[in-house]
Amino acid sequence: MKNLTNEELKNIDGGGVNVGLWVGIAAGVTFLIGLIDGIIRPLKCN
């Protein structure tokens, strides 16, 4: 196994998904759930 230096570690390109994408997906899912819930079960404002 080869030990990498700090400079070599900084230059590694990963194929992972960043946090911003996960936040965007979670926000979209939450919005869709709220939209469907509002259509199916509309509640009056108090």
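The structure we're discussing is the one just above.
Residues numbered from 1 in each chain as written. Predicted model: local features only at pLDDT ≥ 70, side-chain atom pairs only at ≥ 80, totals over all residues. Heavy atoms only, no water.

**Student:** Looking at this structure, I do not really get the overall build of the protein. What am I missing?
**Tutor:** From N to C terminus, the protein includes two helices and zero strands. For the protein, the spread of C-alpha atoms along the three principal axes comes to 65 × 20 × 15 Å. A buried classification covers 0% of the 46 residues belonging to the protein. Here the protein displays about 4,700 Å² of accessible surface, and carbon together with sulfur accounts for 65% of that area. (Helix = DSSP H or I, 4+ residues; strand = E, 2+ residues; numbered from the N terminus. Buried < 20%, exposed > 50% of the residue type's maximum accessible area, 1.4 Å probe, protein only. Areas by Shrake-Rupley, 256 points an atom, 1.4 Å probe, with all protein chains shown as cover.)

**Student:** I keep staring at a nonpolar patch on the surface and nothing clicks. Help me out?
**Tutor:** A contiguous nonpolar patch, built from Val-17, Leu-21, Trp-22, Ile-25, Val-29 and Ile-33 and spanning about 590 Å² of accessible area, is present on the exposed surface. With respect to the element layout, Val-29 can be found in helix α2 (residues 19-40). Using a relative accessible area of 44% as the deciding quantity, one classes Val-29 as partly exposed. (Patch = residues over 30% accessible without salt bridge, like charges linked within 9 Å, V, L, I, M, F, W, Y side chains within 5 Å. Salt bridge = Lys/Arg side-chain N within 4 Å of Asp/Glu carboxyl O.)

**Student:** What is the right way to look at the pattern of salt bridges in this model?
**Tutor:** Side chains that differ in sign of charge can pair as their charged atoms come close. Counted according to the given criterion, the structure contains two salt bridges. Of the charged contacts in the structure, one is a salt bridge between Arg-41 and Asp-37, with a shortest N-O distance of 3.2 Å.

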